[in-house]
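Report on the structure
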Amino acid sequence: DDALMKNKMQLDSLLKMPAKDTAERTNMKAIALKLQAAEEAMEIWMQKFEPDVTGKSHDEVMKYYTQQEKAIQSVDSLMNAAVAESSKYLSNRSKK
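All residue numbers refer to positions counted from 1 along the written sequence of the respective chain. In keeping with the predicted nature of the model, local features appear solely for residues at pLDDT of at least 70, side-chain atom pairs appear and are counted solely at 80 or more, and the whole-chain, interface and lining totals rest on all residues. The side-chain figures draw on all heavy atoms in the structure; neither hydrogens nor water molecules are used.

1. Description of the packing of helix 1 (residues 2-16) against helix 3 (residues 58-95)
Here helix 1 crosses helix 3 at 45°, and the two axes come no closer than 10 Å. Relative to helix 3, the element helix 1 lies oblique. Crossing hand, helix 1 versus helix 3: left-handed. Facing helix 1, whose interface residues are Ala 3, Leu 4, Asn 7, Gln 10, Leu 11 and Leu 14, helix 3 presents Met 79, Val 83, Ser 86, Ser 87, Tyr 89, Leu 90 and Arg 93. In this count, Pro and Cys sit with the nonpolar residues alongside Ala, Val, Leu, Ile, Met, Phe, Trp and Tyr, while Asp, Glu, Lys and Arg are called charged and the others, Gly among them, polar. Per-class residue counts for the contact of helix 1 with helix 3 are eight nonpolar, four polar and one charged. Note on geometry: axes are C-alpha line fits, over the in-contact stretch for helices, and angles between N-to-C directions span 0 to 180 degrees. The way it works is that DSSP assigns letters per residue, a run of H or I at least four long becomes a helix, a run of E at least two long becomes a strand, and they are numbered from the N terminus. Between 65 and 115 degrees an angle is taken as roughly perpendicular, under 35 as roughly parallel, over 145 as roughly antiparallel, and anywhere else as oblique. In this scheme, a crossing is called left-handed if the near helix is turned counterclockwise away from the far one by less than a right angle; it is called right-handed if the turn is clockwise. Contacts are residue-level and defined by heavy atoms, with any inter-residue pair within 4.5 Å sufficient.

Next up, the structure:
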């Protein structure tokens, strides 16, 4: 996701700067970790996804795809929440 990567790079850059406020730095680290966790969740899902359903019955295929749909929706929610939180943080930071 482009927004995830953009926000992650911005936070990484900010974290490389000298810290004036340790609470602010801790907050930035926590948000950056959420972005990293969302990215890793996507990578794990992608690695485990098996599109080849050769030799499986229709019921097995439908059950697998239903499970995968739930899994990717969970990943999507995680990514959306991390992007929203980081975008809000970065937007508020730029207004200061």
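This is not the end of the story, as more comes after the structure.
2. Side note on the packing of aromatic side chains
Under the pairing criterion, centres of Phe, Tyr and Trp rings, with the six-membered ring standing for Trp, must be within 6.5 Å; the plane angle then separates stacked pairs below 30 degrees from edge-to-face pairs above 60, leaving the rest tilted. Applying the stated criterion across every chain, the model contains four aromatic pairs. Ring plane angle 25° and centroid distance 5.0 Å describe the contact between Trp 45 and Phe 49, whose orientation is recorded as stacked. Throughout, exposure labels follow a simple rule: accessible area from a 1.4 Å probe, protein chains only, divided by the maximum for the residue type, with under 20% read as buried, over 50% as exposed, and the rest as partly exposed. Take Phe 49: its relative accessible area is 23%, and that puts it in the partly exposed class. Between Phe 49 and Tyr 64, the aromatic rings sit 6.1 Å apart at their centres with planes inclined by 25°, giving stacked as the arrangement.

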